[in-house]
Amino acid sequence: MTRSVLFDTETTGLDPLHGDRVIEVAAIELHNDLPTTRTFHRLIDPERDIPPDASRIHGITNADVAGKPTFAAIADELIAFFGNDPLVAHNAAFDFGFLDAELARLRRPALDRARMIDTLALAKARFPGMPNSLDALCRRFEIDLSARTTHNALLDCKLLAEVYVELTGGRQRGFDLAADAGAGLTLVEYQHQGPRTARLITATEEELAAHAAFVSGMKDAVWAA
């Protein structure tokens, strides 16, 4: 059975090299790309203020992290949860960069980029020229977004796990995992029930504009002759 870990971070801003810090980290264990019930979630004292603009995005305020552990206090537990397995994230370079900056402050080695699996890159390869944010992918795969009013890291992990299942064809592997139930793992299986019904999917104005921009950049297109 192949283990990997899907994770997400929330931060005080966009640039760890200019003092921005991690304020939340969440992770979900995957086996054969399907989520188990093992999760990791911590709010973190960033040892600095959280700008109001950042709070408006993820909903986390200075009051929320007051008295929470620092990254130094949770680093061992996080690294142990990660293990030596592949690490899955959306726009993974962003999350890797922030964790690397936090680890560097502790004089610890950076995460191995060979472990990185970027779901944004997977989505762009599958849907070139289309919006591939987490929200856009959830809408495309008809995943419920009603609870996502802010960028909560643990909720984003759970949504991304569903997206990742779709991107990797994990639903079809649900049956293969039945034999692993005796190993003491509780696995969430994604299996379609009943006949499939054809649905007309209408592109949004944003998706149409992105497609038009993509097509306009093609040279010597046969339909433009």
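Scoring rules and cut-offs
Residue positions are given per chain, counted from 1 along the sequence in the order it is written. Only residues with pLDDT of at least 70 are given local features in this predicted model, and only at 80 or more are side-chain atom pairs given and counted; all residues enter the totals for whole chains, interfaces and linings. Excluded from the side-chain calculation are hydrogens and water; included are all heavy atoms of the structure. Whether two strands pair depends on DSSP finding at least two bridges between them. Runs of E in the DSSP output that reach at least two residues are strands. Runs of H or I that reach at least four are helices, and both are numbered from the N terminus. Only the contacting stretch of a helix is used when fitting its axis, a line to C-alpha atoms as for every element, and angles between N-to-C directions run 0 to 180 degrees. The contact criterion used throughout is that any non-hydrogen atoms of two residues lie within 4.5 Å. Residues enter a nonpolar core if they are buried and are Ala, Val, Leu, Ile, Met, Phe, Trp, Tyr or Cys, with the set joined through side-chain atoms within 4.5 Å. For each residue, the accessible area found with a 1.4 Å probe, counting protein chains only, is set against the maximum for its type, and the residue is called buried under 20%, exposed over 50%, and partly exposed in between. Relevant arc is that of directions from the helix axis to the C-beta atoms, nothing else. Residues adjacent in sequence count toward polar contacts only when both atoms are side-chain atoms; beyond that, a polar contact is any pair of N or O atoms within 3.5 Å, and within protein one must be able to donate a hydrogen and the other to accept it.

Colleague: Explain the sheet that holds strand S5 (residues 116–118) here, please?
Modeller: The strands that make up a sheet are held in pairs by hydrogen bonds between backbone atoms, and each pair lies either parallel or antiparallel. Read from one edge of the open sheet, 5 strands run S3-S2-S1-S4-S5, paired in mixed fashion. Strands at the two margins of the open sheet, each flanked by one partner only, are strand S3 (34–43) and S5. Strand-to-strand twist across the sheet, computed as the mean angle between neighbouring axes with direction ignored, equals 25°. Together, strand S1 (3–11), strand S2 (22–31), strand S4 (87–89) and S5 form the strand contacts of helix H4 (residues 92–105), whose direction differs from that of S1 by roughly 75°.

Colleague: Where do I start with the nonpolar core in this structure?
Modeller: Soluble globular proteins tend to pack their nonpolar side chains together in the buried interior. Core analysis: the largest hydrophobic core is formed by 22 residues, its most contacted members being Leu6, Cys138, Phe141 and Val163. The dominant element in this core, judged by the number of residues it contributes, is helix H7 (residues 153–168), at 9 residues. Excluding its chain neighbours within four sequence positions, the residues that come into contact with Val163 are Leu134, Leu137, Cys138, Phe141 and Ile143. Of all hydrophobic cores here, the second largest spans 21 residues; its members include Val22, Phe96, Phe98 and Leu99.

Colleague: Please clarify how helix H5 (residues 119–126) should be interpreted in this entry.
Modeller: One turn of the α-helix equals 3.6 residues, which is why residues spaced by three or four share an orientation. Three or more residues of H5 are buried, namely Thr119, Leu120 and Ala123. Buried positions in H5, seen along its axis, are confined to an arc of 105° and lie on one side of it. Structurally, H5 contributes buried residues whose contacts are with S4, S5, helix H6 (134–140) and H7. Backbone nitrogen of Leu120 and a side-chain oxygen of the N-cap are separated by 2.9 Å at the start of H5; the cap is Asp118.

Colleague: I keep staring at the pairing of S3 and nothing clicks. Help me out?
Modeller: Side-chain direction in a regular strand flips from residue to residue, so the side chains alternate between the two faces of the sheet. Judged from the 7 bridges that link them, S2 and S3 form a sheet pairing that is antiparallel. The residue of S3 that forms the bridge with Ala26 is His41. Remark: 2 residues form the turn of the hairpin made by S2 and S3, two consecutive strands paired antiparallel; Asn32 in that turn has positive phi of roughly 50°.

These figures capture arrangement, not role.
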